[in-house]
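Here are the chains, one letter per residue:
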Amino acid sequence: MKSILITGGCGFIGANFVRLAIEQLPAARIVNLDKLTYAGNPENLAGLENHPRYRFVKGDICDASLVGRLFAEEGFDCVVHFAAESHVDRSIEGPAEFISTNILGTFTLLEAARKAWKGTVPLKGQSPRFLHVSTDEVYGSLGETGYFTETTPYDPRSPYSASKASSDHLVSAYHHTYGLPVLITNCSNNYGPYQFPEKLIPLIINNALNGKDLPVYGDGKNVRDWLYVVDHCTAILKVLGNGRIGETYNVGGNSEKQNIEVVQTICDILDEKSGLLSSGQPRRSLIRFVKDRAGHDRRYAIDASKISDELGWQPSLAFDEGIRRTIDWYLENSDWISAVLDGSYHTYYQKMYGER
Ligand code: NAD
Ligand code: TYD
């Protein structure tokens, strides 16, 4: 049986990935190491607590002795590394945590893997494998045209993207210097179930449902390439299984949208599903153009032809369908939104696991 360490499995993408991996890798044991920051919610994995192939460990990826102990106890064949501080606006307000978790945390995991896997001769196409989950934001900002490819020079412009770029460089360096069997994925903006309502799509859904203002930064014409989270997770599974060691794979949704289009689409779908606001106004009336984000990247767009050509991966959902699914999930899970916003999942955590 394979033993896989997943870091940050209680966050948005990590939780979707743990669920998919438990289902699609029946011979794998999953150990989820998560610090449970504000963005990590154990309720995202409700129902898995007593699964025979799943173990949750509350802890920090920067804690070298904990990470080393887990490698010794579990004999990991693979690491899928999601844990990070992930919100650009928070990185502008307070970058320190981003440097610690994203850079030092990645370094701690790399060191543990290097020590544990020293002397291991990788068999063709087999483990061990260290997959580092990263972002397209490391490439900087595009103008009206062009796409990020795997050879686009790094040009990070926010503390968040700079910390992710730094961690990507460390991962590559461990491959070149020590022969660590690494893989890197750089993905575009994700959306879907379990995304903390501080990122654009869940924030707009939540505010629009509650008749609150919908803040659009600057002129609303910044472009992001949106990918449904489960499609990102299937891409990671493909790369983990068959990606070439030492390679980077860009992952994107082929769904470029201006922010204002995304916000208007959410308003229109909610009007259709939940009726107009109590004032009789459509939800577009809540849109407010607000002060722009400092250093706001104008456009991101991914050329995903490498992962498509080499590994046969394609996104399965177009944005129009993915956004409807996402809105349905948030409509059905309004309790989840209130719980993560007021932190009451900690009560749930204590009940399920006890403090340890
Ligand atoms: P998230 O913020 O929703 O979740 C992060 C998780 O990591 C949380 O569960 C949190 O508790 C955990 N964590 C944070 N610091 C930790 C630490 N020191 N030790 C252990 N656990 C810690 O993030 P997400 O959106 O799920 O993103 C996951 C990964 O994917 C990140 O590396 C991010 O850079 C990358 N990524 C995200 C997107 C996106 O659109 N969300 C796109 C591309 C890449
Ligand atoms: P976000 O979800 O924070 O992701 P990222 O900054 O990593 O791309 O933001 C997506 C886009 O939406 C980005 O251009 C900033 C913009 N935005 C708003 O206009 N209003 C908001 O309230 C938020 C959170 C983001």
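Procedures and definitions
Residues numbered from 1 in each chain as written. Chains lettered and ligands numbered in written order. Predicted model: local features only at pLDDT ≥ 70, side-chain atom pairs only at ≥ 80, totals over all residues. Heavy atoms only, no water. Helix = DSSP H or I, 4+ residues; strand = E, 2+ residues; numbered from the N terminus. Expected span 1.5 Å × (residues − 1). Buried < 20%, exposed > 50% of the residue type's maximum accessible area, 1.4 Å probe, protein only. Contact = heavy atoms within 4.5 Å. Near = heavy atom within 4 Å. Polar contact = N/O pair within 3.5 Å; in protein donor to acceptor, adjacent residues only side chain to side chain. Areas by Shrake-Rupley, 256 points an atom, 1.4 Å probe, with all protein chains shown as cover. Axes fitted to C-alpha atoms, helices over the stretch in contact; angles between N-to-C directions. Parallel < 35°, antiparallel > 145°, perpendicular 65-115°, else oblique. Nonpolar A, V, L, I, M, F, W, Y, C, P; charged D, E, K, R; others polar. Phe/Tyr/Trp six-rings, centres within 6.5 Å; stacked < 30°, edge-to-face > 60°. Lys NZ or Arg CZ within 6 Å of the ring centre and 35° of its normal. Pairing = 2+ DSSP bridges. Right-handed = clockwise from strand over helix to strand, strands pointing away. Salt bridge = Lys/Arg side-chain N within 4 Å of Asp/Glu carboxyl O.

## A few points about helix H8 (residues 259–274)
1) Next: Across its 16 residues, H8 extends 22 Å between first and last C-alpha, which sits within 8% of the 22 Å expected from 1.5 Å per residue.
2) Next: When we look at burial in H8, the residues that qualify are Asn-259, Ile-260, Val-262, Val-263, Ile-266, Cys-267, Ile-269, Leu-270 and Asp-271.
3) Next: Where H8 is buried, its residues contact helix H6 (200–209), strand E8 (214–217), strand E9 (223–225), strand E12 (256–258), strand E13 (287–290) and helix H10 (319–332).
4) Next: A positive phi of about 85 degrees marks Gly-275, the residue just after H8.

## Digging into the site of ligand 1
1) Next: Inspection of the region around ligand 1 gives 28 residues, with Ile-13, Asp-34, Ser-86, Tyr-160 and Lys-164 positioned closest.
2) Next: The separation between an oxygen atom of ligand 1 and a polar main-chain atom of Gly-11 is 2.9 Å.
3) Next: Measuring from an oxygen atom of ligand 1, one finds a backbone N or O atom of Phe-82 at 2.9 Å.
4) Next: Burial of ligand 1 by the protein amounts to 97% of the accessible area it has alone, namely 850 Å².
5) Next: For the shell around ligand 1, the secondary structure elements donating two or more residues are helix H1 (12–24), strand E5 (129–135) and helix H5 (159–178).
6) Next: Looking at the shell around ligand 1, the element that brings in the most residues is E5, giving 3 residues.

## Quick notes on the side chain of Thr-108
1) Next: Here Thr-108 is to be found in helix H4 (residues 96–117).
2) Next: Of the polar contacts made by the side chain of Thr-108, one reaches the backbone oxygen of Leu-104; its length is 2.7 Å.
3) Next: When near neighbours in sequence (up to four residues on either side) are disregarded, Thr-108 contacts Ile-61, Cys-62, Asp-63, Ala-64 and Val-67.

## Considerations on the site of ligand 2
1) Next: Neighbouring residues of ligand 2: 17 residues in total, closest Glu-137, Leu-200, Arg-224, Arg-293 and His-296.
2) Next: In the environment of ligand 2, an oxygen atom lies 2.9 Å from a nitrogen or oxygen atom belonging to the side chain of Asn-189.
3) Next: Pro-215 is positioned with one of its backbone polar atoms (N or O) 2.9 Å from a nitrogen atom of ligand 2.
4) Next: A total of 510 Å² of accessible area belongs to ligand 2 in isolation, and the protein chains cover 96% of it.

## Re the packing of H10 against helix H11 (residues 334–342)
1) Next: Two elements in contact, H10 and H11, have axes whose closest approach is 4 Å; the angle formed by their N-to-C orientations is 75 degrees. Comparing the axis directions of H10 and H11 gives the class roughly perpendicular. Across the interface between the two elements, Trp-329, Tyr-330, Leu-331 and Glu-332 from H10 touch Ser-334, Trp-336 and Ile-337 from H11.
2) Next: Its residues assigned to classes, the contact of H10 with H11 comprises 5 nonpolar, 1 polar and 1 charged.

## Focus on H10
An α-helical turn contains 3.6 residues, so any two residues separated by three or four positions project in the same direction.
1) Next: Compared with the 20 Å implied by 1.5 Å per residue over 14 residues, the 20 Å span of H10 between its first and last C-alpha is a close match.
2) Next: Where H10 is buried, its residues contact strand E7 (190–191), H6, strand E10 (227–228), E12, H8 and H11.

## Side note on the packing of aromatic side chains
Two measures describe an aromatic ring pair: the distance that separates the ring centres and the angle between the ring planes.
1) Next: Counted according to the given criterion, the structure contains 17 aromatic pairs.
2) Next: Between Phe-71 and Phe-76 the ring centres are 5.1 Å apart and the planes differ by 90 degrees, which places this aromatic pair in the edge-to-face class. Here the two residues Phe-71 and Phe-76 agree in accessibility, since each one is buried.
3) Next: Relative to Tyr-300, the ring of Phe-148 has its centre 6.3 Å away and its plane inclined at 45 degrees; by these criteria the two rings are tilted. Residue Phe-148 is located in the loop between E5 and H5, and its partner Tyr-300 is located in the loop between E13 and helix H9 (305–311); the two are separated by 152 residues in the primary sequence.
4) Next: When its relative accessible area of 2% is taken as the criterion, Tyr-300 is described as buried.
5) Next: Members of the aromatic cluster, each reached through a chain of ring pairs, are Tyr-139, Phe-148, Tyr-154 and Tyr-300.
6) Next: We note Arg-114 situated over the ring of Tyr-178; from NZ or CZ to the ring centre the distance is 4.2 Å.
7) Next: Residue placement shows Lys-306 over the ring face of Tyr-249; its charged tip is 4.8 Å from the ring centre.

## What about the pairing of strand E1 (residues 2–7)?
1) Next: Counting buried positions along E1 gives 5 out of 6 residues, so the element sits mostly inside the fold.
2) Next: Judged from the 6 bridges that link them, E1 and strand E2 (residues 28–34) form a sheet pairing that is parallel. When the sheet's bridge partners are listed, Ser-3 is paired in E2 with Arg-29.
3) Next: Following the backbone out of E1, through H1 and into the adjacent parallel E2, one traces a crossover that is right-handed.
4) Next: Across 4 bridges, E1 lies against strand E4 (residues 78–81) in parallel orientation. Bridge assignment links Thr-7 to a residue of E4, and that residue is His-81.

## Things to note about the sheet that holds strand E6 (residues 182–187)
1) Next: Strand order in this open sheet of 7 strands is E3-E2-E1-E4-E5-E6-E11, and the pairing throughout is parallel. Unpaired on one side and paired on the other, strand E3 (54–58) and strand E11 (248–251) mark the two borders of the sheet. Neighbour-to-neighbour, the strand axes of this sheet turn through a mean angle of 20 degrees, independent of strand direction.
2) Next: Contacting E1, E4 and E5, H4 crosses the sheet at an angle of about 165 degrees to E5.
3) Next: With respect to the sheet, H5 is in contact with E5 and E6, its orientation differing from that of E5 by roughly 155 degrees.

## Some remarks on the pattern of salt bridges
1) Next: Applying the stated criterion to the full structure yields 21 salt bridges.
2) Next: Between Lys-273 and Asp-328 there is a salt bridge, with the nearest N and O atoms lying 2.9 Å from each other. With Lys-273 in helix H8 and Asp-328 in helix H10, this pair connects stretches of sequence that are 55 residues apart.
3) Next: Judged by relative accessible area, Asp-328 falls into the partly exposed class, the value being 28%.

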